Structure formats: C-alpha cells, structure tokens
Amino acid sequence: MDLFSKVSRTAGKHSPLEEEVRKLPVPVSSVFLGKDGKIRPAAFRQTDMALVCKGHDRIRQVFPKTITKGGSAILEAVAASESESVAGKRVAVLFSGGPAAGGHNVLAGLAAVLGSNNTLLGIRKGPGGLVKGDIFEIEKESINSIINMGGFDFLGTDRTKIKTAEQFEKVKRTVVKNRLDGLVVVGGDDSNTNAAFIAEYLENEGIDCSVIGIPKTIDGDMAAGRYLPISFGFDTATKIYSELVGNLNQDAASAVKYYHVVKLMGRTASKITLEVALQTKPAVALISEEIAEKNMSLDSIVDHIARIITLRRFKGINHGVILVPEGLVEFIPEMGRLIAELNTVLAEYQKDITDLPSVEHKREFLLPRLTPQSAQLMASLPPDIQEMLILDRDDHGNVKVSQIETEKLLIEKIRYRLSEMKRHTDRFFGAGEGKIEASAEQVEDFKKVTLSTQSHFLGYEGRSSKPSRFDAAFTFQLGLAAGSLVLSGKTGYMAAITDFHKGGRVLALPLTGLVTAEMRHGKEEFVIEKSLVELSSPSFKIYAQNRDKWAIKDCFSSPGAMQYWGPTSRQVPMIVALDQDYPDFDSFDMGEEKQIIIE
Ligand code: FBP
C-alpha cells in the first residue's frame, strides 16, 4: 500500500498502535471462567466483611428498601455452578461524569458476560440520557472495535444529577418502557450516589431492576481502602502525566532557565499529584490534604515555595518543576471558607443573582453578603478567578476547579514574594524564626535572580487515552462483575476489584455502606464520601520523607511513555502498591490472559 493510502486508512481508530493495542489480551479471573475456558457469569456469596457508613441509622431511614434487601455485608464473586444459566435479561449501561480510560472495556466485559442470550443496551449522554430515555440496543460485535480503546465516545457522558421527583419518574419510565432488568452506572462518587438513590427508588416502586455502580474517575477518590484501592482511569491518567512531568523535569534541567508550574487534575483529592510526585520527584508538590491539615494560608504556601526556590538558587539551580493539585483552592482554609460562603449565598439568592446582567453586578451583590474577611480576600483575587468562583458551578453544585487558574495565581504571588525578598533582605535572610540562613554573597547573588516561569494544566490529556494494561484489565473485570451482579438479581451494589497483585479478588460493595450525610449549601445531602490522601498512609509518608532531598537538588526521574508491552507494562499505581503493602510495583495479576472477541 502506498503511503498516501496508508494515511487515510488509519482514520477511525486505526493507527498502527491502535490496531496492535486492540489485539492485546486481557486477564480474566477464574471466577468468570467455565470448565471450557469460556467467559461466564460468576455467582456472589456473602462474606464476613461489611461496609458500615458513618451515621448508619440516618442512612437506614433514607434507604430502607436496599438496606433491608442487601444489608451491609460485602459480597464476593465465586465461580457459578455450570448448570446455572440466565437468559432473556435486558441490561443498560451509561457513563457519567468525566471520561476515564477503560470505559469501553467495561462495555466489553458486560457484553462478554451477558453473552448471546441476554441483551446489552447503551444509554447515550449519561444520566441525562437515562432521564430522556435515549437508549439503543448495542450490537455486541460492534464492541470488538473499541476493546482497549480510550474515551467514552461510544456512549457519551454528562453530569446530570438525578434529584427531582420528576426526574425519578422519568427514569422509571425509561426502565419500564425498555423492560430493563439491570442498569449499570459507570461513574464517580456523585454518580454512584445517583445509583444508590435510583436503586432505592425502583425497589420502592416495586420495579425489579438491578442497579449496579462501577467506580470510575481519574481522580482516584472513588475508593474504599482495601476493598477497592482505586477507581479506574487513575492509573492511565497518572502514567500520562508522569511522562509529561518527567519530560518537563528533564527540559527544566536542560534549558536551565524555567520553573514549570504544573496544575494536575483532581477536583478534590490530591491523589494524582501524590502519584505523579512519587513517579517523577519534582522540586515541589503541594498536597491539598496536608495544607488543610496544617491550616496553611495562601501566603504561607507562597512562602514555602519561595524558600525552596531560594535554597535551590544557593545551590546554583534556577529551574525546576512545581506540582499543584487542581483542588488546592478549596483546601486553603481562607479560600475554602470563601467558597463555602459563596455557595450558601449563591444558593440563597439564586434567582436574584441569575437576573443580574454582568459579573460586576453579581460581585457587587455578593460582597456585602460575605464575612468581612472573605469579602476582602475575594476583592484581592485576580478578576478572572473572582469570575470563575461566582459563575461556574456544575450540576452537583461544585465549583469547577479545573477552570480556576491556580497555577497562574501562585506564579503571580511567588513573583511578588521574591521581589519583596530582594527589596527587604533583612526581613527574610539571617538568623531568626522563619528567616533563611544565608551568607552575604548568597544574598547578593539572590538579588540577581530572575524568575522565568511556564504554566501548564495537565488534565484532559490523561482522561481518554487508550487504557494502560492495568486499567484495561481492571475495567474488563469490572464489566464482568457488574453483569454477573445483574444476572444474579443483586441491586444497590458497586462492583469492585482488590488484590491486584494476586489474582484480583472480585467484590460487590453495598452502595449504602459508602453513602454518608453531609451539609451542602445549608441542606442535608447524601453523598459517597471522597477518598482523600491520608497523611498517615505509607504513600504520603514516603513522599514526605523524601521531598526535602528532591527540593534542593535535581533528583528527578523521568518515567517515559506508558508501555503496552514489556517489563514496565504491568505496573500498578505506586500509591496502591505502597498503601496496600504489595511486594512490588511491577506485576499485577488479575487472572488468565484471554484474547477478547465478542460474538
Ligand atoms: P469525574 O470525577 O467525573 O471522573 O471527573 C473528574 C475530572 O477529571 C476532574 O479531575 C475535573 O475537575 C473534572 O473532571 C473536569 O470536568 P469537566 O469535563 O466537566 O471539565
């Protein structure tokens, strides 16, 4: 074939790499394999492990049906008896929230386990599509073209929160009209909370439809400790960011003139930043959970970074990489208070504020309704950040932190702090608390420093890549588990995999065991608690033990591109291996490798 034809032949997911990756085998746990080696549904048995949330009594009042039916016990998948087989079931699946690598393998897992005797349906554009009834029958063979492929484009996604009586009624209509026996919701904490409510609602309405959640989010915060160490998509996203941050480390040390300030996705938890920091060893990585715990103000964060830049300069280093988690602003105590106050005022005066013609008018309306401290802080922020804090909320009422340019805010403040340090050397250098010890020559040299920065935001580039081998395996098994749960008539569970290093144990976690009551905008809301970086975890401790060394010398590592073949293709996320006490990072094992072809 000539080169001109080759270029057009690669359109539609047919690049040479896509062709090869599509063929990669995926491991399958023995619980999903029949004696003939073919994929079949697993059965689930009760274990003596349980998930009991905080405020269980309140949750029991809100979810009486699902709690009574399932209790709080965790279920475990076991091989089903060969004589059992279920046919004629209709199962629909939707993606919810941001894309995460591996979503298409969830569809492949579902298609494989439902087999030719059951029907798989797809819901277009997320929970919004479920409400509208935008549903179609998936021709199972069409899944073959998206096995191991990235993105959510086969179905699409959205962030609709199902909360009104009218929406629930419409969901019921979709379920009844399409004679659904099962609904699989692939999403993060908010989406799985949706799933818990839909499961309860349908039970209450006497509709026999299993609702099963699947833990998705690159942020890694839809997790449940040893029962579910991580959500899918995290591994791929962090491998991609680690490659890019590693390259920036390498470029900084080569060009010797820039500080690269990199904001990394993660709406709330800093798990992505922690993983990327462990992988790449940058000069600075801020961890929001630590900042909140230490009650660090914006000024003290800026001080901390300016100090590291100064100490590096003393060693002749005027470059480096600084990692900033996307969710940082909400964890800085005074910013968190400001956002909470804004949320309350915005909720209380929603109608009045919507009617105001400009951001300026909205700002003028809001400022007197904030506490003086918050009003002062708000007024001191750059106008574009004020605008984002006022205007941008998602359907779940969250500030869209991905739109807030924290990296630029920090650069501006660090630049100002360094200029202050140059102007008032006696305030910042010498002996005494908080001062930097320095010789007269070092101070003179410091005065000559110019700070050249580049800002970056790494987020969207990591969400829709072809999944890592880990995520491809994880998601395929999650699809098998969710399909098996539906076929065995379970409802109100989340499919989970744990023990990635020894066979991949397949569990079902009761959604009501994950939900807790929380005050949002002055109202009681029920949510699945996000799993944040724990400062007592081995992964954080190892970072904390090493960071001073990484701060003052270039000791970065550059992990390079994610691999699909070879020794480094089987890595698990470092935070998972460290926190779950695995013997190494390098060899997940989730069962027997199978070439997947859906017939
Ligand atoms: P999910 O939790 O829905 O998977 O989304 C996570 C995320 O990638 C965050 O890290 C980020 O804040 C957000 O999506 C951005 O989403 P959007 O696509 O709405 O800009």
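Residues numbered from 1 in each chain as written. Predicted model: local features only at pLDDT ≥ 70, side-chain atom pairs only at ≥ 80, totals over all residues. Heavy atoms only, no water.

### Re the overall build of the protein
1) Next: Looking only at helices and strands, one finds 24 helices and 18 strands in the protein.
2) Next: Principal axes of the C-alpha set define a box for the protein whose edges measure 85 × 60 × 55 Å.
3) Next: Classification of the 599 residues of the protein by burial places 57% in the buried group.
4) Next: Taking contacts inside the protein between residues at least 6 apart in sequence as the whole, the part at least 24 apart equals 77%.
5) Next: When the accessible surface of the protein is split by element, carbon and sulfur atoms take 50% of a total near 24,600 Å². (Helix = DSSP H or I, 4+ residues; strand = E, 2+ residues; numbered from the N terminus. Buried < 20%, exposed > 50% of the residue type's maximum accessible area, 1.4 Å probe, protein only. Contact = heavy atoms within 4.5 Å. Areas by Shrake-Rupley, 256 points an atom, 1.4 Å probe, with all protein chains shown as cover.)

### Some thoughts on a negative patch on the surface
1) Next: Taken together, Glu137, Glu139, Glu141 and Glu599 make up a surface patch of like negative charges.
2) Next: Of note, Glu137 is situated in strand 6 (residues 135–137). (Patch = residues over 30% accessible without salt bridge, like charges linked within 9 Å, V, L, I, M, F, W, Y side chains within 5 Å. Salt bridge = Lys/Arg side-chain N within 4 Å of Asp/Glu carboxyl O. Lys, Arg positive; Asp, Glu negative; His and termini not counted. Charge placed at Lys NZ, Arg CZ, Asp CG, Glu CD.)

### A few points about the site of the ligand
1) Next: Around the ligand sit 14 residues, and of these Gly98, Arg159, Lys216, Asp219 and Tyr460 come closest.
2) Next: Tyr460 has a polar side-chain atom sitting 2.6 Å from an oxygen atom of the ligand.
3) Next: Of the domains in this structure, domain 1 (31–78 + 88–233 + 464–528) and domain 2 (235–326 + 406–462 + 532–562) are the two that each give at least three residues to the shell around the ligand. (Near = heavy atom within 4 Å. Polar contact = N/O pair within 3.5 Å; in protein donor to acceptor, adjacent residues only side chain to side chain. Domains from an automatic or database assignment.)

### Re helix 7 (residues 165–177)
1) Next: End to end, helix 7 covers 18 Å across 13 residues, agreeing with the expected 18 Å (1.5 Å per residue, within 8%).
2) Next: Buried within helix 7 are the following residues: Gln167, Phe168, Val171, Lys172, Thr174 and Val175. The arc enclosing the buried residues of helix 7, seen along the axis, measures out at 160 degrees, which places them on a common side. With respect to the buried face of helix 7, the exposed residues turned more than 90 degrees away are Ala165, Glu166, Arg173 and Lys177.
3) Next: Residues of helix 7 that are buried sit in contact with helix 6 (126–132), strand 6 and helix 8 (189–204). (Expected span 1.5 Å × (residues − 1). Arc of directions from axis to C-beta.)

### Some remarks on the domain arrangement of the protein
1) Next: Structurally, the protein comprises domain 1 (31–78 + 88–233 + 464–528), domain 2 (235–326 + 406–462 + 532–562) and domain 3 (331–404).
2) Next: Relative to domain 2, the C-alpha centre of domain 1 lies at a distance of 38 Å.
3) Next: With 14 residues of domain 1 at the interface, the matching set in domain 2 holds 16 residues.
4) Next: Taken together, the two surfaces of domain 1 and domain 2 that pack against each other cover about 1,000 Å², and 54% of this comes from carbon and sulfur.
5) Next: When the area that domain 1 buries against domain 2 is broken down by residue, the three leading residues are Ile218, Asp219 and Ser468, summing to 45%.
6) Next: On the surface where domain 1 and domain 2 come into contact, there are zero salt bridges.
7) Next: At the surface where domain 1 touches domain 2, the tally comes to eight residue pairs in polar contact (both at pLDDT 80 or more).
8) Next: Here the side of domain 1 that touches domain 2 is composed, by residue class, of five nonpolar, five polar and four charged. (Buried area = accessible area lost by both parts, 1.4 Å probe. Nonpolar A, V, L, I, M, F, W, Y, C, P; charged D, E, K, R; others polar.)

### A word on the nonpolar core
1) Next: Core analysis: the largest hydrophobic core is formed by 132 residues, its most contacted members being Leu183, Phe474 and Phe500.
2) Next: The dominant element in this core, judged by the number of residues it contributes, is helix 22 (residues 469–487), at eleven residues.
3) Next: Both of domain 1 (31–78 + 88–233 + 464–528) and domain 2 (235–326 + 406–462 + 532–562) provide at least three residues apiece to this core.
4) Next: The contact partners of Phe474, leaving out residues within four places of it in the chain, are Leu228, Ile230, Ser231, Phe232, Ile497, Phe500 and Met590.
5) Next: One finds Phe314, Leu346, Ile353 and Met421 within the second-largest nonpolar core, a separate group that totals 56 residues. (Core = buried A, V, L, I, M, F, W, Y, C linked by side-chain atoms within 4.5 Å.)

### Section: the packing of aromatic side chains
1) Next: In total, this model carries 16 aromatic pairs according to the counting rule given.
2) Next: Seen from their ring centres, Phe314 and Phe429 are 6.4 Å apart, and the 45 degrees between their planes marks the pair as tilted. Separated by 115 residues along the polypeptide, Phe314 in helix 12 (residues 298–314) and Phe429 in the loop between helix 20 (425–428) and helix 21 (440–447) bring together distant segments of the chain. Per residue, the accessibility class of Phe314 equals that of Phe429, and both read buried.
3) Next: Grouping aromatic residues by their ring pairs yields a cluster made of Phe470, Phe474, Phe500 and Phe588.
4) Next: Above the plane of the ring of Phe457 lies Lys263, whose end atom (NZ or CZ) is 4.3 Å from the centre.
5) Next: A cation over an aromatic ring shows up here: Arg369 above the ring of Phe365, its NZ or CZ 3.8 Å from the ring centre. (Phe/Tyr/Trp six-rings, centres within 6.5 Å; stacked < 30°, edge-to-face > 60°. Lys NZ or Arg CZ within 6 Å of the ring centre and 35° of its normal.)

### A word on the sheet that holds strand 12 (residues 320–325)
1) Next: Strand order in this open sheet of four strands is 11-12-10-13, and the pairing throughout is parallel. The two strands at the open ends of the sheet, each matched to only one other strand, are strand 11 (284–285) and strand 13 (453–458).
2) Next: Seen against the sheet, helix 10 (residues 271–280) touches strand 10 (259–264), strand 11 and strand 12 and runs at an angle of roughly 155 degrees to strand 12.
3) Next: Its contacts with the sheet put helix 19 (residues 406–423) on strand 10, strand 12 and strand 13, and the angle it makes with strand 13 is roughly 160 degrees. (Pairing = 2+ DSSP bridges. Axes fitted to C-alpha atoms, helices over the stretch in contact; angles between N-to-C directions.)

### Describing unusual backbone geometry
1) Next: A positive phi angle, close to 55 degrees, is found at Lys281, a residue other than glycine.
2) Next: As for its position among the elements, Lys281 is in the loop between helix 10 and strand 11.
3) Next: Classification of Lys281 as partly exposed rests on a relative accessible area of 22%.
4) Next: A positive phi is found at Asp499, a non-glycine position, where the angle reads about 50 degrees.
5) Next: With respect to the helices, strands and loops of the structure, Asp499 is situated in the loop between strand 14 (493–498) and strand 15 (505–510).

### Some words on the pattern of salt bridges
Pairs can form between side chains of opposite charge once their charged atoms are near each other.
1) Next: Summed over all chains, the structure comprises 30 salt bridges.
2) Next: Two residues, Lys530 and Asp189, come together in a salt bridge whose shortest N-O distance is 2.9 Å. Taken together, the positions of Lys530 in the loop between strand 17 (523–528) and helix 23 (538–552) and Asp189 in helix 8 put the pair 341 residues apart, joining distant regions of the chain.
3) Next: Salt-bridge contacts for Arg417 lead to Glu420; the nearest nitrogen and oxygen are separated by 3.0 Å. In this pair, Arg417 and Glu420 both sit in helix 19, three residues apart, roughly one turn of the helix. For the pair shown, Arg417 and Glu420 are each scored as buried.

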